[in-house]
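Now for the letters of each chain:
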Amino acid sequence: MIQGAALGVPLITAHLALFQTTPIKKGDKVLITGANGAVGLCAMQIARWKGAHPVGLVRSPESQEFLKSFGFNSQPGEAQNVVSLSDEDWKSQVKNIGPFSKVLNGIGNLHFDFFISSLADEGTYVTYSAPAGQREVTVDLFQLYRRGLKLDGVMSAGKPSYAYIFEDVKEGFESGALKGLFIEDSAVFPLEGAAEAYRLTRSIKNSRVVLNLSP
Ligand SMILES: NC(=O)c1ccc[n+]([C@@H]2O[C@H](COP(=O)([O-])OP(=O)(O)OC[C@H]3O[C@@H](n4cnc5c(N)ncnc54)[C@H](OP(=O)(O)O)[C@@H]3O)[C@@H](O)[C@H]2O)c1
């Protein structure tokens, strides 16, 4: 139940980003920002389960270590799954693995030009978040049409039904190929703890924060 509460929106968002408009296929390389975050980790796992090669960007070696517990490899090379932005040569590491069929972006306009340059021809840049102050980009329309690139946006709220997404991933969870998100015991609060829970979201690393409304 608690896992379900933590998974819902991130899982839907990740699935839409991977399959809406230009669905990923087996063997595709997919670059995923915020790979240790909720949406990112769902996307990393679903992409791998579907036979694609996910490459996640994180901000620290600690997050690389965290992703190791989900079976993602940080060793530089062709089979690398995780690259840390804290490495001076992170761009070369990414380039060495790419080009990518898709870039999943949850960090606004950061590194936009680099991400576009990392796409394969006909590739798709899909965004699901644009924090204030990180919303604007300059798009080279010449490059866009000559390379057949696509820009896409994903919004999980306000659609009638996502039952098909849960149907699609059910087998992955049942087989153990997909795992729930990490939730520290101390990050589960009763409703009265909502204010404290909210404060914790500002500082906690890698764990989801959950309000448990059941008595
Ligand atoms: N469009 C939609 O329907 C939809 C649905 C769900 C969420 N969202 C949005 O998507 C975003 C991610 O959601 P989430 O639940 O996955 O959040 P999360 O669990 O907090 O994950 C955020 C991830 O982004 C990374 N990050 C943040 N700022 C960064 C920066 N400046 N450079 C590099 N990486 C950075 C974080 O790294 P650290 O761990 O190192 O901080 C973390 O990996 C949020 O803005 C959320 O509002 C949109």
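Here the structure is a predicted model, which is why all the values come from computation and not from measurement.

Quick look at the packing of helix H1 (residues 2-19) against helix H2 (residues 38-49)
Angle between the axes and distance between the axes: these two values describe a pair of packed helices.
Phase 1: For the pair H1 and H2, interaxial distance at closest approach is 8 Å and the crossing angle is 55°. Comparing the axis directions of H1 and H2 gives the class oblique. Here H1 and H2 pass one another in a crossing that is right-handed. Every residue of H2 that contacts H1 at Pro-10, Leu-11, Thr-13, Ala-14, His-15, Ala-17 and Leu-18 is listed here: Ala-38, Val-39, Cys-42, Ala-43, Ile-46 and Ala-47.
Phase 2: Tallied by class, residues from the contact of H1 with H2 come to eleven nonpolar, two polar and no charged.

Points about the domain arrangement of the protein
Phase 1: Parsing the protein into structural domains produces domain 1 (2-153) and domain 2 (183-215).
Phase 2: For domain 1 versus domain 2, the distance between C-alpha centres works out to 27 Å.
Phase 3: Each side of the interface is counted separately: domain 1 has six residues, and domain 2 has six residues.
Phase 4: No other element matches H1, which puts three residues into the side of domain 1 that touches domain 2.

Overview of H2
Phase 1: In this model H2 runs 17 Å from its N-terminal to its C-terminal C-alpha over twelve residues, within 8% of the 16 Å that 1.5 Å per residue would give.
Phase 2: Of the residues making up H2, those classed as buried are Ala-38, Val-39, Gly-40, Leu-41, Cys-42, Ala-43, Met-44, Gln-45, Ile-46 and Ala-47.
Phase 3: On the buried face of H2, the contacting elements are H1, strand E1 (29-32), strand E2 (53-58), strand E4 (100-105) and helix H7 (163-175).

Overview of the environment of Phe-72
Phase 1: Take Phe-72: it is sitting in the loop between helix H3 (61-68) and strand E3 (82-84).
Phase 2: Those residues within four positions of Phe-72 in sequence are excluded, and the remaining contacts are Met-44, Gly-56, Leu-67, Asn-81 and Val-82.

A word on the environment of Val-209
Phase 1: Position of Val-209 among the secondary structure elements: in the loop between helix H8 (194-201) and strand E8 (210-212).
Phase 2: Along the sequence, Val-209 and Ala-194 sit 15 residues apart, while their C-alpha atoms lie 10.0 Å from each other.
Phase 3: Setting aside residues up to four positions removed in sequence, Val-209 forms contacts with Ala-187, Ala-197, Leu-200, Thr-201 and Ile-204.

Rules behind the numbers
Residues numbered from 1 in each chain as written. Predicted model: local features only at pLDDT ≥ 70, side-chain atom pairs only at ≥ 80, totals over all residues. Axes fitted to C-alpha atoms, helices over the stretch in contact; angles between N-to-C directions. Helix = DSSP H or I, 4+ residues; strand = E, 2+ residues; numbered from the N terminus. Parallel < 35°, antiparallel > 145°, perpendicular 65-115°, else oblique. Left-handed = near helix turned anticlockwise from the far one by under 90°. Contact = placed C-beta atoms within 7 Å. Nonpolar A, V, L, I, M, F, W, Y, C, P; charged D, E, K, R; others polar. Domains from an automatic or database assignment. Expected span 1.5 Å × (residues − 1). Buried ≥ 20, exposed ≤ 12 C-beta atoms within 10 Å, placed from the backbone.

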